[in-house]
Amino acid sequence: MTETRPDPLVIFTPSGKRGRFPVGTPILTAARQLGVDLDSVCGGRGICSKCQITPGVGDFPKHGVTVAADALSPWNAVEQRYKDIRGLIDGRRLGCQAKVAGDIVVDVPPESQVHRQVVRKAATARAIEMDPATRLYCVAVQEPDMHEPTGDLERLNRALAETFDLPPAQADLQVLARLQPALRKGDWTVTVALSTPREGGPSKIVEVWPGFHEGGLHGLAIDLGSTTIAAHLTDLADGRVLASSGLMNPQIRFGEDLMSRVSYAMMNPGGDAEMTRAVRAALNTLIGELATEAGIDARTIVEAVFVCNPVMHHLLLGIDPVELGQAPFALATSSALDLAAAALDLTAMNPGGQVYILPCIAGHVGADAAAVALSEEPDKSDDLVLIVDVGTNAEILLGNRSRVLACSSPTGPAFEGAQISSGQRAAPGAIERVEIDPETKEPRFRVIGCELWSDDPGFAEATAATGVTGICGSGIIEAVAEMRMAGLMDPSGLIGSGEQTGTPRSLPEGRTHAYLLHDGSATGGPVITVTQGDVRAIQLAKSALYAGARLLMDEIGVDAVDRVVLAGAFGAHISPKHAMVLGMIPDAPLDRVTSAGNAAGTGARIALCNRAARRRIEAGVRAITKVETAIEPRFQEHFVAANAIPHATAPFPNLAQAVSLPQVGFGAGAARGDAGGRRRRRG
Ligand code: FES
């Protein structure tokens with residue numbers, strides 16, 4: 001009786017998956033059978049290089065095997081051709097070409113894993129597992145035959161099934177029109193971008209290229225805000241952000257905040273359609289700019305994920321937002337949406353590409369709040385965490401593992417630098433950091449694009465190209481808070497006169513005063529002041545934010561939170577200390593106030609890169625309790641009390657430990673010249 005030797009053992013690292021395979025089995029086939037995460041776009045024809053592996057040789061006591069030098073089939077011509085043309089790291093093999101010849105240990109490097117992890121760049125680094133809805137597949141399609149009268153699409157689907165085990169996919173007319181020339185030009189090999197928005201659901205071919213397509217696939221994560229639109233162009237293979245850009249939402253000309261845009265739609269027949277056209281045109285401009293900046297073909301942009309508040313959501317979709325302007329604030333739909341880009345006139349990306357819009361939480365709490373929840377995961381927090389996404393409309397979440405509440409609050413555009421006399425969007429030249437010396441009352445500042453402070457040597461030269469052009473959102477928050485800390489402004493928000501504050505920088509302006517931050521007039525630049533009107537705009541915005549947070553705290557029945565996360569387009573730039581001096585947020589230990597950057601944008605990026613995250617937030621929003629600020633009488637009460645800086649009644653004990661606020665008053669009594677204006681008490 002002859003003893004049959006067992007088939008060679010193939011062990012994959014880092015997964016540890018192992019199995020026995022007959023001699024001659026390609027490593028890619030072994031990986032597939034074991035469920036090892038090894039990528040392949042070309043189906044094993046040696047042209048995509050996605051299947052690269054690193055074979056190990058020698059003793060592997062941990063795995064109980066010794067690998068001989070000839071454990072894999074010899075290096076072949078396909079691999080050599082690939083290496084000559086594109087290069088291949090020494091020691092690497094193509095998994096589709098290397099075949100099992102003996103016991104072998106095979107390492108799958110991260111870039112060859114389909115579901116590779118990408119680490120988010122954020123305060124809380126978390127990995128996103130890559131599993132985008134659209135992927136590339138390169139297949140050889142059987143040529144047509146007089147005796148087998150099937151269509152090209154049917155034979156393409158058969159090839160996809162045979163090579164990648166995929167169910168049949170649909171194709172839109174535009175793709176069908178390109179399929180025949182592509183197949184013939186590619187000598188019966190094509191690469192398709194296949195979109196499967198829901199795991200196990202129907203698939204659609206959104207693009208086809210002749211032969212092997214080298215250009216990869218791209219997606220957009222878009223945070224469509226009332227004031228600004230921010231977009232990240234992302235590589236769908238590895239989640240890298242290739243270009244980021246933003247522009248002002250052109251709907252501003254129809255009204256600065258949400259309710260004025262709803263009113264515009266109500267008062268002007270066709271006004272909603274006008275706003276829809278404006279925002280879609282702006283999106284196409286932005287997408288075109290991003291594609292140019294990244295140097296990619298716009299047809300490779302096959303996915304876009306949107307997060308936005310409910311009014312922006314409806315106007316993007318072409319739905320009249322009138323119902324959102326009145327109780328009970330009914331949404332046309334609160335569900336997540338999968339749409340074709342063409343349905344939204346997004347022609348600057350692949351019009352056959354897919355758009356995903358995150359679900360809305362309620363009529364006033366939109367997909368942007370859902371995106372913040374996806375990014376910051378308050379439902380996984382042991383502490384009671386307050387997350388505020390600061391924008392024209394603030395999204396506020398409060399909760400922990402047991403319960404999460406959400407509301408939105410109409411802060412207006414002041415935090416984004418709009419409605420501020422010297423306000424501008426965050427761009428080079430904008431003042432973003434401010435310090436005011438409490439003794440001399442002299443300011444110093446930093447502008448975006450320059451690391452130096454304005455009193456550092458070389459500042460003028462370093463900012464010569466951009467100039468000092470205005471104040472952005474984080475700059476105005478710091479400026480107003482610093483004015484309070486330096487005793488230039490009293491708790492009611494009143495700016496003192498030069499006489500009261502002892503500095504010539506307090507300039508009279510009508511019946512009020514303004515603080516001179518920068519005078520660039522000698523060199524033709526602007527005079528940048530913080531006016532009484534600016535302070536009032538910031539007070540309104542911060543009171544709305546605080547009142548929303550406070551309402552959620554009432555609902556949970558607490559007077560304090562364990563930690564605060566500041567998010568928003570400029571969330572990363574807001575100084576926790578200044579935000580608390582202003583009373584934007586409730587009192588909390590200062591070291592427990594952190595910035596999360598643009599959490600809504602991050603949520604969009606997570607949903608772009610990972611389909612399971614979409615399902616997670618679709619389920620997650622159903623568990624969030626919505627609190628409606630517009631109809632809650634206590635909101636007004638909280639709003640009024642929050643008008644003072646930092647607050648009329650709340651004690652702010654943590655803030656008092658870190659900062660001493662001078663007790664000054666510049667009201668009517670002080671204006672008559674009594675000593676009250678200069679009263680100061682430290683501590
Ligand atoms: Fe494409 Fe191996 S699978 S080169």
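Residues numbered from 1 in each chain as written. Predicted model: local features only at pLDDT ≥ 70, side-chain atom pairs only at ≥ 80, totals over all residues. Heavy atoms only, no water.

## Things to note about the sheet that holds strand 26 (residues 506-509)
Okay, so step 1: The strand order across the open sheet built from 3 strands is 26-27-28, with neighbouring strands paired in antiparallel fashion. The sheet is open, and its two edges are formed by strand 26 and strand 28 (527-530), each paired on a single side. Between one strand axis and the next, the sheet turns by 45° as a mean value, whatever way the strands run.
Okay, so step 2: Strand direction decides the pairing type here: strand 26 and strand 27 (residues 512-519), joined by 4 bridges, are antiparallel. Bridge pairing in strand 27 places E509 opposite T512.
Okay, so step 3: Packing against the sheet, helix 10 (residues 473-485) makes contact with strand 27 and strand 28, and its axis sits at approximately 60° to strand 28. (Pairing = 2+ DSSP bridges. Helix = DSSP H or I, 4+ residues; strand = E, 2+ residues; numbered from the N terminus. Axes fitted to C-alpha atoms, helices over the stretch in contact; angles between N-to-C directions. Contact = heavy atoms within 4.5 Å.)

## Some words on the nonpolar core
Okay, so step 1: Residues L220, I229, F306, L346 and L358 are the most contacted members of the largest nonpolar core, which totals 91 residues.
Okay, so step 2: Looking at this core, the element that brings in the most residues is helix 6 (residues 271-294), giving 9 residues.
Okay, so step 3: Sequence-distant contacts of L358, defined by excluding residues within four places in its chain, comprise V305, F306, V307, A336, A367, A370, A371, L374, A607 and I617.
Okay, so step 4: A394, I477, Y515 and V627 belong to the second largest nonpolar core, which has 69 residues in total. (Core = buried A, V, L, I, M, F, W, Y, C linked by side-chain atoms within 4.5 Å. Buried < 20%, exposed > 50% of the residue type's maximum accessible area, 1.4 Å probe, protein only.)

## Some details on the pairing of strand 23 (residues 430-436)
Okay, so step 1: The element strand 23 is extensively covered by neighbouring structure, given that 5 of its 7 residues are classed as buried.
Okay, so step 2: The pairing of strand 23 with strand 25 (residues 470-471) spans 2 bridges and is parallel. Looking across to strand 25, one finds that I431 is bridged to I471.
Okay, so step 3: Examined bridge by bridge, strand 23 and strand 24 (residues 443-447) share 5 bridges and lie antiparallel to one another.

## Quick notes on the sheet that holds strand 17 (residues 301-308)
Okay, so step 1: The 6 strands lie next to each other as 16-15-14-17-19-18, forming an open sheet whose pairing is mixed. In this open sheet, the two strands that pair with only one neighbour each are strand 16 (241-248) and strand 18 (337-340). Going across the sheet, the axis of each strand differs from the next one's by a mean of 20°, ignoring polarity.
Okay, so step 2: The pairing of strand 14 (residues 218-224) with strand 17 spans 7 bridges and is classified as parallel. Residue pairing across strands places G219 opposite E303, the latter belonging to strand 17.
Okay, so step 3: Here helix 7 (residues 310-317) sits on the sheet in contact with strand 14, strand 17, strand 18 and strand 19 (354-357), set at roughly 140° to strand 17.
Okay, so step 4: Its contacts with the sheet place helix 15 (residues 611-622) against strand 17, strand 18 and strand 19, and it is angled at close to 30° to strand 19.

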